[in-house]
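The residues making up each chain are set out below.
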Amino acid sequence: MEPVIKLAIDEHIATLTLNRPQSLNSLNAAMASTLRPYCQQLSDDTQVRCVIIQGEGGHFMAGGDIGYFAQSLQLAEEERYQQVSGIIAIVHEAITAIRGMPKPVIASVSGAVAGFGISLMAACDMAIAAENSRFASAYCQLGVSPDGGNTYFLPRSIGEKRSKFLTFLGDPLDAHTALNMGLINQVVSVEELPHATLKLAKRLCQAPAKAVANAKQLLNTSLNHTLEQQLQAEQAGFAGCTLTADFAEGVRAFLQKRPPRFGSS
């Protein structure tokens with residue numbers, strides 16, 4: 001049986017491929033239970049410098065598995081609540097691992113990006129989309145409110161009013177509209193998506209690891225900090241980076257007027 005998520009690691013780049021193409025990679029209990037340990041594993045793997053999350057079969061993720069939801073209607077209300085809540089708790093740990101891992105995570109998306117698919121993409125640090133991508137909240141249309149950090153990430157990415165419009169009404173967005181709103185970083189052709197994703201991942205792998213990790217943490221926490229708290233965090237982060245080999249290399253490269261050659265630090 002094919003794994004619901006495939007993991008490949010090559011030259012410091014880890015690729016997680018959501019692998020339920022027959023259901024547009026919709027999230028079920030097996031995928032949730034697999035995503036969490038993979039994200040936690042990659043967070044701890046010091047050899048991995050960048051993570052890519054993508055979907056198999058031309059689609060990223062079409063949200064939750066409707067078949068599972070249909071079966072849950074047969075359960076008593078308390079059992080249904082506990083079962084659904086348990087799965088959400090598992091995927092929320094994956095989201096936490098993505099945001100907390102000290103390395104950049106790229107969402108490489110195409111086709112259907114809906115429901116938890118948008119949440120997963122938004123949790124990533126950057127997102128590249130193929131021109132055929134279609135984004136839809138889909139939560140309220142199913143009679144549920146969002147999960148996966150959707151209501152945390154979207155207002156920070158596209159603003160409160162746009163987030164409410166997208167969530168309440170569920171109108172689909174094409175890739176260029178999503179780009180203009182700030183939901184994604186780049187739009188490329190379907191054929192170019194794998195190459196463009198790998199090119200970005202390689203660039204990130206060549207960046208100074210400690211500086212990127214600190215910058216990610218600072219940016220993740222900035223909207224929840226006062227100015228004074230953020231300044232203190234920046235002070236500690238900057239000073240800590242000066243103790244790394246990458247800092248020494250960066251200074252030498254600048255003085256010698258050459259590109260820096262950053263390594264692991």
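Residues numbered from 1 in each chain as written. Predicted model: local features only at pLDDT ≥ 70, side-chain atom pairs only at ≥ 80, totals over all residues. Heavy atoms only, no water.

### Concerning the packing of helix H4 (residues 116-123) against helix H5 (residues 150-158)
When two helices pack together, their arrangement is given by the angle between the helix axes and by the axis-to-axis distance. Running from N to C, H4 and H5 cross one another at 60°; their axes reach a closest spacing of 9 Å. As judged from the angle between their axes, H4 and H5 are oblique. Remark: the crossing between H4 and H5 carries left-handed chirality. Packed against H4, whose contacting residues are Ile118, Ser119, Ala122 and Ala123, the element H5 presents Asn150, Phe153 and Leu154 at the interface. A class-by-class count of the residues in the contact of H4 with H5 yields five nonpolar, two polar and no charged. (Axes fitted to C-alpha atoms, helices over the stretch in contact; angles between N-to-C directions. Helix = DSSP H or I, 4+ residues; strand = E, 2+ residues; numbered from the N terminus. Parallel < 35°, antiparallel > 145°, perpendicular 65-115°, else oblique. Left-handed = near helix turned anticlockwise from the far one by under 90°. Contact = heavy atoms within 4.5 Å. Nonpolar A, V, L, I, M, F, W, Y, C, P; charged D, E, K, R; others polar.)

### Topic: unusual backbone geometry
Positive phi is not limited to glycine here, since glutamate 11 has a value of about 50°. Within the secondary structure, glutamate 11 is located in the loop between strand E1 (5-10) and strand E2 (13-18). Unlike most non-glycine residues, asparagine 25 shows phi in positive territory, near 60°. Among the secondary structure elements, asparagine 25 is positioned in the loop between E2 and helix H1 (29-44).

### Notes on H4
When you tally the buried positions in H4, you get eight out of eight residues, the bulk of the element. Residues of H4 that are buried include every one of Phe116, Gly117, Ile118, Ser119, Leu120, Met121, Ala122 and Ala123, and no others. (Buried < 20%, exposed > 50% of the residue type's maximum accessible area, 1.4 Å probe, protein only.)

### Quick notes on the environment of glycine 159
With respect to the helices, strands and loops of the structure, glycine 159 is situated in the loop between H5 and helix H6 (160-169). For the pair glycine 159 and histidine 12, spaced 147 residues apart in sequence, the C-alpha separation works out to 34 Å.

### Some remarks on the sheet that holds strand E5 (residues 112-114)
Taken in spatial order, the three strands make up an open sheet running E5-E7-E8, and their pairing is mixed. Either end of the sheet is taken by a strand with one partner, and the two such strands are E5 and strand E8 (173-174). Examined bridge by bridge, E5 and strand E7 (residues 134-136) share three bridges and lie parallel to one another. In the sheet register, alanine 112 faces E7, and the bridge partner there is arginine 134. (Pairing = 2+ DSSP bridges.)

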